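Take a look at the letters that make up each chain.
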Amino acid sequence: MESLLQQLDERQRRLLIACLAALVVAAAFAYGVLPQIRELRALFDNLEVMQRVTSAEDGASGEIDRLNQEMEALRKQLQGDMANLPRRQIESFIIGRLQTISWRNEVALVSVEPAQGEPVEMYRELLFRVELSGDYFALLDWLTDVSSELGFVVIKEFQLGVSEPDPRNPRLATRLMLAAYQVTAS
């Protein structure tokens, strides 16, 4: 090793020493300082939450209630109003909600046929073959309302055709397969 160092001229030795020093400093920063900075940042985040809890009038119970409400809102966003329904009531709930959405958007709900879906990881798939009739914008509003009111629904099949070819007000016939998902009890 000494013979290799002696073969290097002064400039190369200084460069080698500088590189080794930079490597030692980088390793010390990555393994010594950076984890401490992350831990300090996490402690400051915890301190901020604790200060918010202690400064609130209702304290920790208010923070717990707020977090529970936030969780419930996220659960509703994911699963809609059917999140807590028993298995046997889900089909009638969805069909009733589809009818309500259809009336609100002036879309004719021609038929709804429930079908059994496949299990998808921790979810149970609920399929519905749906036939609709209405104008384009009413059908678009219908799809938007279904998505917001029934939670996580997927359109697996979609067919669109003209049922009444009136040039002033064409009515569209739509056939689609809706898939809703419910968490299975494990």
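Every chain's residues receive numbers from 1 upward, in the order its sequence appears when written. The model is predicted, so local features are restricted to residues of pLDDT at least 70 and side-chain atom pairs to those at 80 or more, both for listing and for counting; the totals for chains, interfaces and linings are taken over all residues. The side-chain values count all of the structure's non-hydrogen atoms but skip hydrogen atoms and water molecules.

With that settled, the discussion passes to the overall build of the chain. Each helix and strand in the chain was counted, giving 5 helices and 4 strands. Numbering of helices and strands runs from the N terminus; a helix is a DSSP stretch of H or I covering at least four residues, while a strand is a stretch of E covering at least two. When the helices and strands of the chain are listed from N to C terminus, the series reads α-α-α-α-β-β-α-β-β. The cut-offs for exposure are 20% and 50% of the maximum accessible area for each residue type, with area from a 1.4 Å probe on protein chains only; residues under the lower value are buried, those over the upper are exposed, and the others partly exposed. In the chain, buried positions account for 25% of the 186 residues. What makes two residues a contact is simply this: any of their non-hydrogen atoms within 4.5 Å. Summarising the internal contacts of the chain: among those between residues at least 6 apart in sequence, 58% fall at separations of at least 24. Here the accessible surface of atoms and residues is derived via Shrake-Rupley with a 1.4 Å probe, and residues count as covered only by protein chains that are part of the display. Taken as a whole, the chain presents about 13,500 Å² of accessible surface, with 58% of it coming from carbon and sulfur.

The 4 strands lie next to each other as E1-E2-E4-E3, forming an open sheet whose pairing is antiparallel. The open sheet terminates on both sides in strands that have one partner only, identified here as strand E1 (108-120) and strand E3 (153-164). Between one strand axis and the next, the sheet turns by 15° as a mean value, whatever way the strands run. We call two strands paired when DSSP finds no fewer than two bridges between them. By the bridge criterion, 10 bridges tie E3 to strand E4 (residues 171-183) in an arrangement that is antiparallel. Paired with Val-153 across the bridge in E4 is Ala-180. Along the sheet, helix H4 (residues 90-104) makes contact with E1, strand E2 (123-134) and E4, crossing E2 at roughly 30°. Lying over the sheet, helix H5 (residues 136-149) contacts E2, E3 and E4, oriented at roughly 5° with respect to E4. With axes taken as lines fitted to C-alpha atoms, and helix axes fitted only over the stretch in contact, angles between N-to-C directions fall between 0 and 180 degrees.

Below, the discussion takes up the packing of H4 against H5. Across the interface, H4 lies against H5 with an axial gap of 10 Å and an inter-helix angle of 140°. Along this stretch, H4 crosses H5, giving a crossing that reads as right-handed. Seen from H4, the contacting residues are Arg-97, Leu-98, Ile-101, Ser-102 and Arg-104; seen from H5, they are Trp-142, Asp-145, Val-146 and Glu-149. Any residue outside Ala, Val, Leu, Ile, Met, Phe, Trp, Tyr, Cys, Pro, Asp, Glu, Lys and Arg is labelled polar, Gly included; the first ten of those are nonpolar and the last four are charged. Looking at the contact of H4 with H5, its residues break down into 4 nonpolar, 1 polar and 4 charged. Left-handed describes a crossing whose near helix is turned anticlockwise from the far helix by less than a right angle; the clockwise case is right-handed.

Once that is clear, we can look at empty space enclosed by the protein. In this analysis a 1.4 Å probe is tested at points of a 1 Å grid over the protein atoms alone, and where it fits but cannot get out there is a cavity; an open set with protein on both sides within 12 Å along at least five of seven lines is a pocket; lining residues have an atom within 4 Å of a point. Grid points are joined across faces, edges and corners, and a volume is the space filled by probe spheres set on the points. A complete count under the given rule lists 1 cavity of 30 Å³ or more for this structure. As for the largest cavity, its lining consists of Glu-91, Pro-114, Ala-115, Gln-116, Gly-117, Arg-124, Glu-125, Leu-126, Leu-127 and Phe-128. Only E1 and E2 provide two or more residues apiece to the lining of the largest cavity. For the lining of the largest cavity, the leading source of residues is E2, giving 5 residues.

Below, the discussion takes up the pattern of salt bridges. Any carboxyl oxygen of Asp or Glu within 4 Å of a side-chain nitrogen of Lys or Arg constitutes a salt bridge here. In total, this model carries 8 salt bridges according to the counting rule given. For Arg-66, the salt bridge identified is with Glu-70, shortest N-O distance 3.1 Å. Of the two residues, Arg-66 and Glu-70 both sit in helix H3 (residues 59-79), 4 residues apart, roughly one turn of that helix. Residue Glu-131 is joined to Arg-175 by a salt bridge in which the shortest nitrogen-to-oxygen separation is 3.9 Å. Taken as a pair, Glu-131 in strand E2 and Arg-175 in strand E4 lie far apart in primary sequence, 44 residues in all. Here the residues in one salt-bridge network are Arg-97, Arg-104, Asp-145 and Glu-149, joined through shared partners.

Summarising the element assignment, Glu-125 is placed in strand E2. A residue is classified by how much of its surface remains accessible, and Glu-125, at 4% relative accessible area, is buried. Two N or O atoms count as a polar contact when they lie within 3.5 Å, although within protein this holds only if one can serve as hydrogen donor and the other as acceptor, and sequence-adjacent residues are included solely when both atoms are side-chain atoms. Looking at Glu-125, its side chain comes within polar contact range of the main-chain nitrogen of Glu-118, at 2.9 Å. At 2.8 Å, the side chain of Glu-125 and the side chain of Lys-156 are in polar contact. If we ignore the near neighbours within four places in the chain, the residues touching Glu-125 are Gly-117, Glu-118, Lys-156, Ala-179, Ala-180 and Tyr-181.

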